[in-house]
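# Breakdown of the fold
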Amino acid sequence: MNQSREVEGCSKTKTKKFKVKHPKTKVFRSNDPLLSVFMWGINHTVRELQHIHVPVMLMPDDFRSFSKIKINNQAFNKENLPSNFKVKEYCPVVFRNLRDRFGIDDRDFQHSLIKAPRPISPLRGGATYYLSSDRMYVIKTLATEEVEEMHHFLKQYHPYIVDRHAKTLLPQYLAMYRFTVDNVETYMVVIRNVFSTHLKVHKKYDLKGSTVDREASHKEREKSLPTLKDNDFLADGLKICIGEEGKEALMETLAADVEFLVKLNIMDYALLLGIHDLDRAVEDALEQQVDEDEDDDEYDSTGSGGMALTPPESPNSQRKSSSLATSRIDPNKDIYAIPSRGATQNSPG
């Protein structure tokens, strides 16, 4: 009898079960192996630079330097990364210095680019373009000869950015890499996005100051946001009113940039103009709020018993209240934005 009680007591012993928690986000995950390696390379190179002393002055060797890493048969995250790949970063100290002068923190730069970028429509030439997940950066593929040209250009570009205290309308070049995946080499350069990440561009023009063959094609016009050209700008009868102070600052920057390009014998350049229409922005916000209200009504029709499904302090309600707010320029992000004369000081036109 005692033995049976002991056995019965043992059978009632409680055991703890541990649940394994899997990460919600997959590290460096992309359907394209190249983009997976790109994200891994950004993460690795930015971390490595954290251990490098920041020089007071850049030397000629910094413009020829590079860092390389080769991964063979790695086991980490093999669902997302190829087993063998190479990453080469060009002029890492120079580009870090440029990022710093452009006011870009390396941790923010890293955070923006370790999430899968998405491909975007080709802008010109045979290059492939990608946009970072937060829309802050554009990634462009380069041909082999363009890498050599970039090295030469960088030696002139960096001193110019220093002399101008980063006050320029030229593209902000932030990093350059070579990625080798499946024995195929791909060169990439990271550039800051010209357009705002939160102010919608309703119209855009590529302006060269010439009217010879400067009309958007019929195929281009079929796009939801076509890139129009000089003759289209004249036909639309648009005038950009930014006030005397804004005009003076813009023309001074343009004159300095053009003089720099002339010294380098560079002729193929244009001014990319994006217009954020305040009236259309308000209409878009109203339509968005109507859609959200309809979604809430449909959700509540399942039976909420009169209870508030969305608390007043929830992110959804904040998004609704802010969607109707006047569009405002964020000087930390919208570095190229200029308010129109008819808009408020913090509102682009």
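This text gives an overview of the structure that appears in the document. What you see is a predicted model, and the numbers here were worked out from it, not measured in a lab. By convention here, each chain's residues receive numbers from 1 onward along its written sequence. Reporting of local features is limited, given that this is a predicted model, to residues whose pLDDT is at least 70; pairs of side-chain atoms are given and counted only at 80 or more, and all residues count toward the totals for whole chains, interfaces and linings. Note: side-chain values were computed over all heavy atoms of the structure, leaving out hydrogens and water.

Another aspect to go through is the pattern of salt bridges. When a carboxyl oxygen of Asp or Glu is within 4 Å of a side-chain nitrogen of Lys or Arg, the pair counts as a salt bridge. Under the criterion given, the structure shown has 13 salt bridges. Close ionic contact of D61 with R64 constitutes a salt bridge, the shortest N to O distance being 2.3 Å. Summarising the burial analysis for this pair, D61 and R64 share the class exposed. The partner of D230 in a salt bridge is R214, with the nearest N and O atoms 2.8 Å apart. In this pair, D230 sits in helix 7 (residues 230–236) while R214 sits in the loop between strand 8 (203–207) and helix 6 (218–221), placing the two residues 16 residues apart along the sequence. Among the ionic contacts, a cluster of salt bridges with common partners joins R164, K167 and E252. The rule is simple: take the accessible area with a 1.4 Å probe, protein chains only, and divide by the maximum for that residue type; under 20% is buried, over 50% is exposed, in between is partly exposed. Secondary structure elements are defined from DSSP: runs of H or I of at least 4 residues count as helices, runs of E of at least 2 residues count as strands, and each element is numbered from the N terminus.

Among the nine residues in strand 7 (residues 184–192), seven count as buried, and that is most of the element. A pair of strands counts as paired when DSSP detects no fewer than two bridges linking them. Judged from the six bridges that link them, strand 5 (residues 137–142) and strand 7 form a sheet pairing that is antiparallel. Paired with K140 across the bridge in strand 7 is V189. Bridge count for strand 6 (residues 173–181) against strand 7 is eight bridges, and the pairing is antiparallel. Bridge assignment links T180 to a residue of strand 7, and that residue is E185.

Spatial ordering of the open sheet is given by 9-8-10, a layout of three strands whose pairing is mixed. Every other strand in the sheet has two partners, leaving strand 9 (227–228) and strand 10 (271–275) as the edge strands with one partner each. Here strand 8 runs beside strand 10; their pairing, made up of five bridges, is antiparallel. Note that in strand 10 the partner of K203 across the bridge is I275.

At their nearest, the axes of helix 5 (residues 144–163) and helix 8 (residues 243–263) sit 11 Å apart, and the two run at 155° to each other. Judged by the inter-axis angle, helix 5 sits roughly antiparallel to helix 8. Once helix 5 is placed against helix 8, the crossing between them reads as right-handed. Between helix 5, through F153, Q156, Y157 and Y160, and helix 8, the contact on the second element is made entirely by A256, D257 and F260. Think of each axis as a best-fit line through the C-alpha atoms, taken over the contacting stretch in the case of a helix, with angles from 0 to 180 degrees between the N-to-C directions. An angle counts as roughly parallel when it lies under 35 degrees, as roughly antiparallel when it exceeds 145, as roughly perpendicular when it falls between 65 and 115, and as oblique in every other case. Here is the rule for handedness: rotate from the far helix to the near one, and if that takes an anticlockwise turn smaller than a right angle the crossing is left-handed, while a clockwise turn gives right-handed. By definition, residues are in contact when any of their heavy atoms lie within 4.5 Å.

What follows is about a nonpolar patch on the surface. Like-charged residues within 9 Å of one another, or nonpolar side chains (Val, Leu, Ile, Met, Phe, Trp, Tyr) within 5 Å, are grouped into patches, provided each residue has over 30% relative accessible area and no salt bridge. Surface accessibility follows the Shrake-Rupley procedure with a 1.4 Å probe radius. Residue values consider only the protein chains on display as shielding. Taken together, the side chains of V56, M57 and M59 define a hydrophobic patch exposed on the protein surface, amounting to about 400 Å² of accessible area. Tracing the backbone through its elements, the reader meets M57 in the loop between helix 2 (33–49) and strand 1 (66–72). Take M57: its relative accessible area is 62%, and that puts it in the exposed class.

Once that is clear, we can look at unusual backbone geometry. Although it is not a glycine, C91 adopts a positive phi angle of roughly 45°. By the secondary structure assignment, C91 is in the loop between strand 2 (84–90) and helix 3 (92–101). Of note in the backbone geometry, H165 takes a positive phi value of approximately 55° without being a glycine. Within the element layout of this structure, H165 appears in the loop between helix 5 and strand 6.

Turning our attention to the sheet that holds strand 4 (residues 129–131). One open sheet holds the seven strands; their spatial order is 1-2-6-7-5-4-3, and the pairing between them is antiparallel. Each edge of the open sheet carries a strand with a single partner, namely strand 1 and strand 3 (118–120). Sheet twist, expressed as the mean angle between neighbouring strand axes with direction ignored, is 25°. Strands strand 1, strand 2 and strand 6 of the sheet are contacted by helix 3, whose axis makes an angle of about 140° with strand 6.

As for its placement among the helices and strands, F102 is situated in the loop between helix 3 and helix 4 (106–113). Linking F102 and H165, residues 63 residues apart in sequence, is a C-alpha distance of 8.6 Å. In this structure, F102 is in contact with Y157, I161, A166, T168, Q172, Y173, L174 and R192, ignoring residues within four places of it in sequence.

Now for helix 3. Within helix 3, eight of the ten residues are buried, which leaves the element mostly enclosed by the surrounding structure. Among the residues making up helix 3, those that are buried are P92, V93, V94, F95, R96, N97, L98 and R99. Looking at the buried side of helix 3, the elements it contacts are helix 2, strand 1, strand 2, helix 4, helix 5 and strand 6. Immediately downstream of helix 3, the backbone of G103 shows phi near 75°, a positive value.

Buried Ala, Val, Leu, Ile, Met, Phe, Trp, Tyr and Cys residues form a nonpolar core when they are joined through side-chain atoms within 4.5 Å. By size, the foremost hydrophobic cluster in this structure holds 53 residues, and its most contacted members are F38, F109, Y157 and V190. Per-element accounting of this core gives the leading share, eight residues, to helix 2. Residues within four places of F109 in sequence aside, it is in contact with I42, V46, R99, I104, Y137, L174, A175 and V190. Membership of the second largest hydrophobic core comes to seven residues, among which are A216, L228, F233 and L273.

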